[in-house]
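Take a look at the letters that make up each chain.
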Amino acid sequence: MRVLVLGGTAEARELAARLVDAEIDVTTSLAGRVHRPRLPRGSVRVGGFGGVEGLRRYLRDGSVTAVVDATHPFAEQMTAHAATACADERVPLLRLERPGWTTAPGAQRWHWVADLDAAAQAVTGSGARPFLTVGRQALDRFTGPLAGREALVRVVDAPAVPLPSTWTLRLSRGPYHYDEEVALMRDHRVGVLVTKDSGGGYTWPKMQAAATLGVPVVVVARQSPPSDVMTVSVPSAAFAWVAARR
Ligand code: NAP
């Protein structure tokens, strides 16, 4: 069997490692957005497929027998393309998606918003100094509303868009630790944290730090995934799904 894992997440790397250990032929696909990505075990291909048609062609040419879409919860276009292409090519598809965050630490309440523009609007209205942790591709939604305002931005690679000179840019990659997150937010006098509902433990310390410091949190909610695709939340379940198809 030939498995294609749509990756870019820790869960995708864990799944690939399990499949390699079980001697299952696996190729992980990465979008190529990050300059020096953490590479999974097994084969890797990098770059977009060229839309639904390109992915269909890839599935056919590569005789792919199963696909696990383990992309980030906010990689919505890739998830939609995988659902369409796999249905068209009759290739079994599983979605591996870590659960979203549900409850704020302590007594804190999060401010949920539907999308990035609503997040930008929320922080613009608040007047507090934002800490933007929404990924570099989302920053253009904030540059206009927050032009001339102070903001702290943390991304893995330098953003493609020019940032206002009043913003402070930090290039770094997790994992992040609670004590460091508290110190960072304190040092930069962060007044509001902006995040996507990425879920998982990897970036959770910033949520704990915000609760400790009493910093309000704006959380961008996820969109609903394609409803007809079976979804699991942990790599072990995705591995079992693949192994059952051997
Ligand atoms: P997206 O908006 O859903 O996808 C845009 C296009 O990028 C897709 O149509 C596809 O191009 C290409 N693409 C996305 N994921 C791909 C993959 N794994 N392999 C090959 N092509 C891929 O995706 P995104 O939000 O930019 O995310 C890109 C990658 O970063 C994903 O692998 C995702 O897991 C990872 N990531 C995303 C976030 C986030 O917040 N969005 C956070 C952490 C990691 P074609 O149409 O040409 O095929």
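These remarks concern the structure in this document. Within every chain, residues take consecutive numbers counted from 1 along the sequence as written. Per-residue local features of the predicted model are confined to residues with pLDDT of at least 70, and side-chain atom pairs are confined, for both listing and counting, to 80 or more; whole-chain, interface and lining totals are unaffected and use all residues. Where side-chain values are given, they derive from all heavy atoms of the structure, hydrogens and water being excluded.

Any two strands with at least two DSSP-identified bridges between them are counted as paired. Helix and strand definitions here come from DSSP, where helices need a minimum of 4 consecutive H or I residues and strands a minimum of 2 consecutive E residues; each element is numbered from the N-terminal end. With parallel pairing, 6 strands are arranged side by side in an open sheet as E3-E2-E1-E4-E5-E12. The sheet is open, and its two borders are formed by strand E3 (43-46) and strand E12 (230-232), each paired with just one other strand. Averaged over all pairs of adjacent strands, the angle between their axes in this sheet comes to 25 degrees, without regard to strand direction. Inspection of the sheet shows strand E4 (residues 66-69) paired to strand E5 (residues 93-96) by 3 bridges, in the parallel sense. Bridge pairing in E5 places Asp69 opposite Arg95. Lying on the sheet, helix H3 (residues 76-89) is in contact with strand E1 (2-6), E4 and E5; it crosses E5 at an angle near 160 degrees. Each axis is a line fitted through C-alpha atoms, taken for helices only over the stretch in contact, and angles between the N-to-C directions span 0 to 180 degrees. Throughout, a contact is declared for two residues whenever any of their heavy atoms are within 4.5 Å.

Only a single heavy atom is needed: when it lies within 4 Å of a molecule or strand, its residue is near that molecule or strand. With respect to spatial proximity, 22 residues lie near the ligand, and among them Gly7, Ser29, Arg33, Phe49 and Lys196 are the closest. Here Gln137 contributes a side-chain N or O atom positioned 3.2 Å from an oxygen atom of the ligand. N or O atoms within 3.5 Å of each other form a polar contact, as long as, within protein, one can give a hydrogen and the other can take it, and as long as residues adjacent in sequence are counted only when both atoms are side-chain atoms. Here an oxygen atom of the ligand and a side-chain polar atom of Lys196 are 2.7 Å apart. Of all the secondary structure elements, the ones that give two or more residues to the shell around the ligand are strand E2 (25-30) and H3. Each residue gets one of three labels, nonpolar for Ala, Val, Leu, Ile, Met, Phe, Trp, Tyr, Cys and Pro, charged for Asp, Glu, Lys and Arg, and polar for the others, Gly among them. Looking at the shell around the ligand residue by residue, the class counts come to 6 nonpolar, 12 polar and 4 charged.

With that out of the way, let us pick up the packing of aromatic side chains. Each pair of aromatic rings taken from Phe, Tyr and Trp, with Trp reduced to its six-membered ring, is defined by centres within 6.5 Å and is described as stacked if the planes are under 30 degrees apart, edge-to-face if over 60, and tilted in the remaining cases. Taken as a whole and assessed by the stated rule, the structure comprises 4 aromatic pairs. Residues Phe49 and Tyr58 carry aromatic rings whose centres are separated by 5.2 Å and whose planes lie at 65 degrees to one another, so their mutual orientation is edge-to-face. On the basis of relative accessibility, which here comes to 14%, the residue Phe49 falls in the buried class. Each residue is assigned to one of three classes by its accessible area relative to the maximum for its type, calculated with a 1.4 Å probe on protein chains only: buried under 20%, partly exposed between the two thresholds, exposed over 50%. We classify Tyr58 as partly exposed; its relative accessible area is 25%. Ring geometry for Trp110 and Trp204: centres 6.0 Å apart, planes at 80 degrees, overall edge-to-face. Placement of Trp110 in the loop between E5 and strand E6 (111-113) and of Trp204 in helix H7 (residues 204-213) is noted, with a sequence separation of 94 residues between them.

To continue, consider the packing of helix H2 (residues 51-61) against H3. As a packed pair, H2 and H3 sit with axes 9 Å apart at the nearest point and diverge in direction by 50 degrees. Comparing their axes, H3 and H2 come out oblique. Once H2 is placed against H3, the crossing between them reads as right-handed. Of H3, the residues touching H2 (which contributes Gly51, Val52, Leu55, Arg56, Leu59 and Arg60) are Met78, His81, Ala82, Thr84, Ala85, Cys86, Asp88 and Glu89. Here the contact of H2 with H3 is built from residues that sort into 7 nonpolar, 3 polar and 4 charged. Note on angle classes: values under 35 degrees are labelled roughly parallel, values over 145 roughly antiparallel, values of 65 to 115 roughly perpendicular, and the remainder oblique. With the far helix as reference, a near helix turned anticlockwise by less than a right angle produces a left-handed crossing, and one turned clockwise produces a right-handed crossing.

Cis geometry marks the peptide bond from Gly174 to Pro175, where omega comes out at 5 degrees. By the element assignment, Pro175 lies in the loop between strand E9 (167-171) and helix H6 (178-187). Even without being a glycine, Arg90 presents a positive backbone phi close to 55 degrees. Take Arg90: its relative accessible area is 74%, and that puts it in the exposed class. If you check the backbone angles, Arg189 has positive phi at about 45 degrees while not being a glycine. Here Arg189 is to be found in the loop between H6 and strand E10 (192-196).

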